[in-house]
Amino acid sequence: MEEEDGGGGKVRILIERATESIEPEVDPRLLKAIKAVVRRSDSELQLAAHLLMDLMKRDHSQVRYLTLLIIDELFMRSKLFRCIVVENMDQLLTLSVGFRRNLPLPAPANVAATLCLKAIEFLEKWNASYGVHYRQIRLGFDYLKNTLKFQFPNLQANAARVQQERRERERKSKEILVKKFQSLEGSFGSIKEEIQSTVDEIGECLEIARAKEEHLKFIPLSDEEDFEEIHSSELRQLRLQTLEEEDKVHENTENKVVFDALRELYKLLLTKHLVAVQEWITVLVRVELNDNRSRDSYLKEFIDIRNQIQSVKRKCEESGCTLLNTVNPDEEDIWEEGNVGSVETGSSSHPSNNIEDLSGTSTSNEIKERSSKAVGNVTNGKKTRSREGDAAKLDPLKSKLLAEAPEVNWGSYLDNWGSKRDVLANQRGLELESHWGRVDLDAVIPAEKIAELNLQATVYKEKHVDIPPCRAPLRNGKLCQRKDLRVCPFHGPIIPRDDEGKRLNQNPFIDETTLDTGANLAVQLAKQAVKNVREKDKELARKREIDKLAQKRAKLAKVREHNDMVLRDAAMASTSRSAAIGEDLEAANSTNPSSRNKKKTLAAMLKKKETPKDRLAQRLLNTRASAATVRQLTLGADTNYREAFPNQW
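Residues numbered from 1 in each chain as written. Predicted model: local features only at pLDDT ≥ 70, side-chain atom pairs only at ≥ 80, totals over all residues. Heavy atoms only, no water.

**As for the overall build of the chain**
The secondary structure content of the chain amounts to 25 helices and 4 strands. The proportion of buried residues among the 649 residues of the chain is 23%. Here the contacts in the chain between residues at least 6 apart in sequence split such that 62% fall between residues at least 24 apart. Of the roughly 49200 Å² of accessible surface on the chain, a fraction of 53% belongs to carbon and sulfur atoms. (Helix = DSSP H or I, 4+ residues; strand = E, 2+ residues; numbered from the N terminus. Buried < 20%, exposed > 50% of the residue type's maximum accessible area, 1.4 Å probe, protein only. Contact = heavy atoms within 4.5 Å. Areas by Shrake-Rupley, 256 points an atom, 1.4 Å probe, with all protein chains shown as cover.)

**Examining the nonpolar core**
Within the largest apolar cluster, 51 residues are counted, with the highest numbers of intra-cluster contacts made by Phe81, Leu92 and Ile137. Going through the elements one at a time, helix 2 (9-19), helix 3 (28-38), helix 4 (42-55), helix 5 (61-75), helix 6 (79-87), helix 7 (89-97), helix 8 (109-130) and helix 9 (135-147) are the ones with two or more residues in this core. Here this core gets 9 residues from one element, more than from any other, and that element is helix 8. In contact with Ile137, other than residues within four places in its own chain, are Phe75, Val86, Met89, Leu123, Trp126, Asn127, Tyr130 and Gly131. Core analysis: the second largest hydrophobic core is formed by 32 residues, Ile202, Leu269, Val283 and Cys316 among them. (Core = buried A, V, L, I, M, F, W, Y, C linked by side-chain atoms within 4.5 Å.)

**Looking at the pattern of salt bridges**
Under the criterion given, the structure shown has 19 salt bridges. Between Asp72 and Lys125 there is a salt bridge, with its nearest N and O atoms 3.2 Å apart. One end of the pair, Asp72, is in helix 5; the other, Lys125, is in helix 8, and 53 residues separate them in sequence. Since its relative accessible area comes to 27%, Lys125 is described here as partly exposed. A salt bridge links Asp499 to Arg471; its shortest N-O distance comes to 3.1 Å. Of the two residues, Asp499 is situated in the loop between strand 4 (492-493) and helix 20 (508-516) and Arg471 in the loop between helix 19 (447-453) and strand 3 (487-488); the sequence distance between them amounts to 28 residues. Through salt bridges with shared partners, one network takes in Lys35, Glu73 and Arg77. (Salt bridge = Lys/Arg side-chain N within 4 Å of Asp/Glu carboxyl O.)

**Brief notes about the packing of aromatic side chains**
Enumeration according to the criterion identifies 9 aromatic pairs in this entry. Note on Phe122 and Trp126: the rings are 6.3 Å apart at their centroids and 20° apart in plane angle, and the pair reads as stacked. Residue Phe122 and its partner Trp126 are both found in helix 8; the two are separated by 4 residues, about one turn of the helix. For the residue pair Phe122 and Trp126, the accessibility class agrees, reading buried in each case. Directly above the ring of Tyr130 sits Arg82, whose terminal nitrogen or CZ lies 4.1 Å from the centroid. (Phe/Tyr/Trp six-rings, centres within 6.5 Å; stacked < 30°, edge-to-face > 60°. Lys NZ or Arg CZ within 6 Å of the ring centre and 35° of its normal.)

**Thoughts on empty space enclosed by the protein**
According to the stated counting rule, one finds 1 cavity of 30 Å³ or more in the structure shown. By volume, the largest cavity is sized at about 40 Å³. If you go around the largest cavity, the residues you meet are Leu68, Leu92, Leu93, Ser96, Ala119, Phe122, Leu123 and Trp126. The greatest single-element share of the lining of the largest cavity, amounting to 4 residues, is contributed by helix 8. Partitioning the lining of the largest cavity into residue classes produces 7 nonpolar, 1 polar and no charged. (1 Å grid on protein atoms, 1.4 Å probe; cavity = no way out; pocket = protein on both sides within 12 Å on 5 of 7 lines; lining within 4 Å. Points joined across faces, edges and corners; volume = space filled by probe spheres on them. Nonpolar A, V, L, I, M, F, W, Y, C, P; charged D, E, K, R; others polar.)

**Details of the environment of Asn88**
Within the fold, Asn88 resides in the loop between helix 6 and helix 7. The partly exposed category is assigned to Asn88, whose relative accessible area is 27%.

**So, unusual backbone geometry**
What is expected of a backbone is that most residues other than glycine have negative phi and most peptide bonds are trans. Across the junction of Ala107 and Pro108, the peptide omega takes the value -5°, indicating a cis bond. You can see Pro108 is positioned in the loop between helix 7 and helix 8. Of note, the phi angle at Lys149 is positive, near 60°, even though the residue is not glycine. By relative accessible area, which is 59% here, Lys149 ends up exposed.

**Digging into a nonpolar patch on the surface**
Taken together, Leu616, Leu620 and Leu621 make up a surface patch of nonpolar side chains, about 360 Å² in accessible area. Accessibility expressed as a relative area gives 54% for Leu616, which makes it exposed. (Patch = residues over 30% accessible without salt bridge, like charges linked within 9 Å, V, L, I, M, F, W, Y side chains within 5 Å.)

**Let's talk about the packing of helix 3 against helix 5**
Look at helix 3 against helix 5: their axes get within 11 Å of each other, and the N-to-C directions meet at 45°. Between helix 3 and helix 5, the angle is such that the two are oblique. Regarding helix 3 and helix 5, the two cross each other, and that crossing is right-handed. Contacts between helix 3 and helix 5 involve Leu31, Ile34, Lys35 and Val38 from the first element and Ile70, Glu73 and Leu74 from the second. Class assignment of the residues belonging to the contact of helix 3 with helix 5 gives a composition of 5 nonpolar, no polar and 2 charged. (Axes fitted to C-alpha atoms, helices over the stretch in contact; angles between N-to-C directions. Parallel < 35°, antiparallel > 145°, perpendicular 65-115°, else oblique. Left-handed = near helix turned anticlockwise from the far one by under 90°.)

**Notes on the environment of Leu74**
Among the structural elements, Leu74 can be located in helix 5. In this structure, the C-alpha to C-alpha distance between Leu74 and Ile34, residues 40 residues apart in sequence, is 9.3 Å. Sequence-distant contacts of Leu74, that is, excluding residues within four places in its chain, are made with Lys35, Val38, Leu52 and Phe81.

**A word on helix 4**
Relative to the 20 Å expected for 14 residues at 1.5 Å per residue, helix 4 spans 20 Å between its end C-alpha atoms, a close match to the ideal helical length. Of the positions making up helix 4, those classed as buried are Glu44, Leu45, Leu47, Ala48, Ala49, Leu51, Leu52, Met53 and Leu55. (Expected span 1.5 Å × (residues − 1).)

**What about helix 7?**
By the criterion of burial, helix 7 is predominantly enclosed, with 7 of the 9 residues buried. If you follow the buried residues of helix 7, they end up packed against helix 4, helix 5, helix 6, helix 8 and helix 9. Gly98 sits one or two residues past helix 7 and shows a positive phi near 75°.

**Considerations on the environment of Leu30**
Along the chain, Leu30 turns up in helix 3. With relative accessibility at 12%, the residue Leu30 sits in the buried group. Along the backbone, Leu30 and Ala18 are 12 residues apart, and their C-alpha atoms lie at a distance of 6.3 Å. Those residues in contact with Leu30 that sit more than four places away from it in its chain are Leu14, Arg17 and Ala18.

**Describing a negative patch on the surface**
On the surface, Asp200, Glu201, Glu204 and Glu207 cluster together to form a negatively charged patch. Turning to its location among the elements, Asp200 is positioned in helix 10 (residues 155-214). (Lys, Arg positive; Asp, Glu negative; His and termini not counted. Charge placed at Lys NZ, Arg CZ, Asp CG, Glu CD.)

**Points about a positive patch on the surface**
Together, Arg475, Arg534, Lys538, Arg542 and Lys543 make up a positively charged patch on the protein surface. For Lys538, the location among the structural elements is in helix 21 (residues 518-574).

**Observations concerning the packing of helix 5 against helix 8**
Running from amino to carboxyl end, helix 5 crosses helix 8 at an angle of 15°, the nearest separation of the two axes being 9 Å. For the element pair helix 5 / helix 8, the angle class is roughly parallel. Viewed along their axes, helix 5 and helix 8 form a crossing whose handedness is left-handed. Every residue of helix 8 that contacts helix 5 at Ser61, Gln62, Arg64, Tyr65, Leu68, Leu69, Ile71, Asp72 and Phe75 is listed here: Val111, Ala112, Thr114, Leu115, Lys118, Ala119, Phe122, Lys125, Trp126 and Tyr130.

**What about the confidence of the model for the chain?**
On average, residues of the chain score 75 in pLDDT, and 71% of them reach the 70 mark or higher. In the predicted structure, residues 1-5 sits below a pLDDT of 50 and forms 2 contacts with residues beyond four places in sequence or in another chain. Overall, residues 324-388 carries pLDDT values under 50, and its contacts beyond four positions in sequence, including any with other chains, amount to 37 contacts. (pLDDT = per-residue confidence, 0-100.)

Below, the structure is given as structure tokens:
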């Protein structure tokens, strides 16, 4: 027996360490070490099997769960281990599934449920793999499934179903590809002709554009010696870029029609033909046929067509025809700055209205200019006088408006400054489609409403007020630096004080008269003495309360420490650790007094978690609370009786 223990001591230590964990899985390093040790000899394997069966009898579901995981790993790898476990299959199923009423699974309950499900899953896997060779496995599986009606996960059936669905999807995809290939055989000629015609039209458009561009090119310099004298690399690079730019085709008014046609063909080639060719190449690569010669020929043809399209695209880009990013110059709005006066003189239709509108516009522009100058420069006296001199040279109406106009900050409300015109509501320069109902194009927004909407918004700026500090003397010799308006919450009303915290003499004449009278001085001294005595009494009472709280906290700390020691001893007793390890853990825990940071153990898993309901029941159902409730109810009943029958005869 001693030789067996000495030879199998290593596997015993490894298995005990692996099953004492609280993790949901076995440590991979320990599991690998266990498999390496039992692989050496049959005696190690037999010892491991007997030890694992003994651990299945432990009164803890976590230990049984980890032990079952190790049994499954060895069961699927060793025939000798299977023979040993199959002999005790009835006992293993009883301890792992818990189907006997007199032998239920131990706590904790959540791990026990996981253990039962995992045991059923392993039994189904073992029956599918080795049920033909071991009668005990077949009988156990049949008994749990048919007699006790346990629900098995049916892993093999699910895997077969998934495989069948995958094969069905592959078959359907193959049928779709074959149908596409058959349709391609009938339409390949038309597809190729359409693409070739588009490519030929693009080539003709490029030739026409280049022929028109050659007539407009400048004559190059014939003096080759001047170019040979350029030794700077930057200038040489600039010359090459210039020559490349000359080779590009540029759009102008003469070749605009050609470029429009070329743009449409280029877009058709890239967005339709190139995408279709890529899709057909993908179909031909994926399709599976009995005779692949026709597929290979079509694939070669489509690859040649794709290369031809790529070459046409590259040729257009090298020629400078960036057709996808070009913008029609007619669609751009060109804004030009002009003189308002020239527009006024040149306007012939509706002269009065035009003059009125232009005067309002020029006046608003002048006001904007004045407001921006006023914000940019604070000292603007000279500029204001100069603007007044310039306003005198203008029309009387403009000079009068400029004199009355205030200087304000610029804002969006200045766009319609002084305007009294109605604004059309549905004339915004946009084409509105898909609107629900009729649109009144003559609807207007009245000028009064516009004036209400154009309000001047200003930001309130609070004036900075310097609040003096309290400056009352503190115990540490410093002064109170709180800044309150009237009253300091610690020292009362804020009054002027000097650098030492003493009150300043605000009314010297009154103080002198009060000090001269001896009666007032005696009253003040008496009040001060009473105040000092009361403050000392309050300080002593505060100290006594602090001492009582400190004693109470110390007592509670001793009680908590005692409870922690009792729980730690119980946890150590429930595990298989030695006394030395327990002493080491106790010493480590003594250095770290925080009980929340302690490592979780198997005993901690058995402890029932305290819920809010339990805490409320503990507070409400204890003896003191019950007695207080009964006393309160009795007092209430007596009070009601006295109030209801006070004057009965």
